[in-house]
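# Topology and contacts: notes
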There are 2 protein chains.
Amino acid sequence: MEPERIASIVDFHYINDALTREEAIALLKERRAGQHDRLENLRVNGLPAYTTSAGWIGFSDEKISRLCDEALAAGWTHFKLKVGGDPADDQRRARLVREKIGPANKLMMDANQKWDVEEAILRTRELQQFDPWWMEEPTSPDDILGHARIRREVPGVRIATGEHCQNRILFKQFMQAHAIDVCQIDSCRLAGVNENIAVILLAAKFGIPVCPHAGGVGLCEYVQHLSAFDYLSVSASLENRVVEFVDHLHEHFVDPVRIRRGHYLLPEQPGYSIEIYPETLRDYSYPNGRIWRDAR
Amino acid sequence: MEPERIASIVDFHYINDALTREEAIALLKERRAGQHDRLENLRVNGLPAYTTSAGWIGFSDEKISRLCDEALAAGWTHFKLKVGGDPADDQRRARLVREKIGPANKLMMDANQKWDVEEAILRTRELQQFDPWWMEEPTSPDDILGHARIRREVPGVRIATGEHCQNRILFKQFMQAHAIDVCQIDSCRLAGVNENIAVILLAAKFGIPVCPHAGGVGLCEYVQHLSAFDYLSVSASLENRVVEFVDHLHEHFVDPVRIRRGHYLLPEQPGYSIEIYPETLRDYSYPNGRIWRDAR
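Basis of the calculations
Residues numbered from 1 in each chain as written. Chains lettered and ligands numbered in written order. Predicted model: local features only at pLDDT ≥ 70, side-chain atom pairs only at ≥ 80, totals over all residues. Heavy atoms only, no water. Axes fitted to C-alpha atoms, helices over the stretch in contact; angles between N-to-C directions. Helix = DSSP H or I, 4+ residues; strand = E, 2+ residues; numbered from the N terminus. Parallel < 35°, antiparallel > 145°, perpendicular 65-115°, else oblique. Left-handed = near helix turned anticlockwise from the far one by under 90°. Contact = heavy atoms within 4.5 Å. Nonpolar A, V, L, I, M, F, W, Y, C, P; charged D, E, K, R; others polar. Patch = residues over 30% accessible without salt bridge, like charges linked within 9 Å, V, L, I, M, F, W, Y side chains within 5 Å. Areas by Shrake-Rupley, 256 points an atom, 1.4 Å probe, with all protein chains shown as cover. Salt bridge = Lys/Arg side-chain N within 4 Å of Asp/Glu carboxyl O. Buried < 20%, exposed > 50% of the residue type's maximum accessible area, 1.4 Å probe, protein only. Pairing = 2+ DSSP bridges. Right-handed = clockwise from strand over helix to strand, strands pointing away. Least-squares fit on C-alpha atoms with pLDDT ≥ 70 in both. Phe/Tyr/Trp six-rings, centres within 6.5 Å; stacked < 30°, edge-to-face > 60°.

All names here are of chain A. Contact geometry of helix H9 (residues 192–206) with helix H10 (residues 219–234) gives a least axis separation of 11 Å together with a crossing angle of 45°. Taken together, the axes of H9 and H10 are oblique relative to one another. In terms of crossing hand, the pair formed by H9 and H10 is right-handed. Counted together, Asn-196, Ile-197, Ile-200, Leu-201 and Ala-204 of H9 and Leu-226, Phe-229, Asp-230 and Val-234 of H10 form the full contact between these two elements. Along the lines of polarity and charge, the residues of the contact of H9 with H10 split into seven nonpolar, one polar and one charged.

The next thing to look at is a nonpolar patch on the surface. Residues and elements named next belong to chain A. A surface patch of nonpolar side chains, about 390 Å² in accessible area, is lined by Tyr-284, Tyr-286 and Trp-292. Here Tyr-284 shows up in helix H11 (residues 278–284). Taking relative accessible area as the criterion, Tyr-284 reaches 41% and is therefore assigned partly exposed.

Another point: the pairing of strand S3 (residues 106–110) of chain A. All names here are of chain A. With four of its five residues buried, S3 lies for the most part within the structure. In this sheet, S3 lies alongside strand S2 (residues 78–82) in parallel orientation, the contact comprising five bridges. Along S3, the bridge assignment pairs Lys-82 with Asp-110. Read from S2 through helix H5 (residues 87–101) to S3, the crossover connection turns out right-handed. Sheet analysis places S3 next to strand S4 (residues 132–136), joined by four bridges and oriented parallel. Looking at S4, one finds that Leu-107 is bridged to Pro-132. Assessed by its sense of winding, the connection that carries the chain from S3 through helix H6 (residues 117–127) to S4 is right-handed.

When chain A is fitted to chain B, the residual RMSD is 0.0 Å, and the transformation amounts to a turn of 180° plus an axial shift of 0.0 Å. Each copy turns onto its partner about a two-fold axis. The share of interface residues of chain A whose copies in chain B are also at the interface is 96%, consistent with both copies meeting through the same surface.

With that settled, the discussion passes to the packing of aromatic side chains. Each aromatic ring pair is specified by the distance between its two centres and by the angle formed by the two planes. Here the structure, examined in full by the defined rule, presents twelve aromatic pairs over all chains. Between A:Tyr286 and A:Trp292, the ring centres sit 4.8 Å apart and the planes meet at 85°, which makes this aromatic pair edge-to-face. With a centroid separation of 5.4 Å and 90° between ring planes, the pair formed by B:Tyr50 and B:Trp134 is classed as edge-to-face. Taken together, the residues B:Tyr50 in strand S1 (residues 47–55) and B:Trp134 in strand S4 (residues 132–136) connect sequence positions 84 residues apart. B:Tyr50 sits in the buried class, given a relative accessible area of 0%. Looking at B:Trp134, the relative accessible area reads 0%, which means it is buried. Joined through ring pairs, the aromatic side chains of A:Tyr50, A:Trp133 and A:Trp134 make up one cluster.

What follows is the structure, given as structure tokens:
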């Protein structure tokens, strides 16, 4: 789509104090340079991704260890660990993953909103020794100023958030307040493609990488398109950009994501890749689908 | 209730960087002084209120003029005008109301989220000549930093918001960012009495008056209790504090608000005053109630 057409699907109301339609169009025009090379790069190499599958909080150390080995063997280079449990457990698990993946691979940590602001500062400082590539959702996703303070008071740790931010106005403020280093859009939390594009454009204006949240039912299928669009038309860069991947429920999709050596391969079918098989919809329908009947 | 008991119903998670449980208890203890006198004052004089009924945006100048006369005759001293329409219309209507009510009475303006941030600054400056007692919801209710900028760039006009703020974390930030002069809790937007009390305590900590939003079905009935509690136990002051009133649908309530000369009289029945008559619930039930059947 032409820059003017892309800009026309964005609602600049409430964000034009940070990004005007004219600025967006100028940015999109400028970033067209090299688009064909970027598309070729995507076709050959795909989009860099990270795995969340190895580090869920309920997993035993043995299981985390085994999953790290498997992920390393499959070519993953970016690993996410859930934190926000008992501080000593968090540190033991972080040490375990760091030792398994080595110093060169990236370890992101995700607190899933567990901490108060001052607690988040303390905990993030404690975990800094394990070289987190980012700390995600250290506190309430509504707390722009809280994130800004955590970021300010734990220099050296990049702060990520966004999967629970409901609109472009929240994201605008996270960027204006210097509260985040990583912008984690969610294709379904935000109001569709249009609102996601608004946030992707804001992030480009502020120079903040977009690393979409994924992993829910179909989220990986959705967000690969947003990141491909971001790379091709907006940010024009893959630096510090990775798409979340969780290996979960893809078998229910007609056009599931395809992962190769820690990268999403570019989808080849038209559409947003989130059509669910009719058999799945039928079998899982509540309360009369086969799965529910069998579970009684 | 004892201060410790009041504090025990508040969730300080995510707000204790601004207000701790201990600070809340200390504040509540300190504010007990004079509580009996304040209760006596409420019994005699009631809670100061303001009327929104005269200034809706669809009203003709003639109607606004007549409603102002009626409200003045009924003893109202605080009047709210809806703005955010055509700028020339806004100014003409503001001039009309200011002329009707005179310089001593208070005129609040409410833009109901209509403007972008920079537009809000411009419009509020234009309307400043009519001496607004506050400008309400000048932009998106999610835009804490936008409100802060508007407030900073239009000195002399107090900024109000809150009826669309969903939780204590938003209010905490509006206060931390010096974004509001008036805190407009909504009894139903926030998660019940507990979350409202959290915000009332935060407002007391920051020295910001709470002026509840009301006017919807039963909102006036609800919020009178919150303001009475605020005055009796938390702020201990009525200065700059008024409760919204809209004369609308009270006839459906078993224990409706009672207004006398621009004041809410203290409720005399136990409870939250929002029981609806069974006949109302029956007659207005969709789609088979009498009102809906008759409307076909």
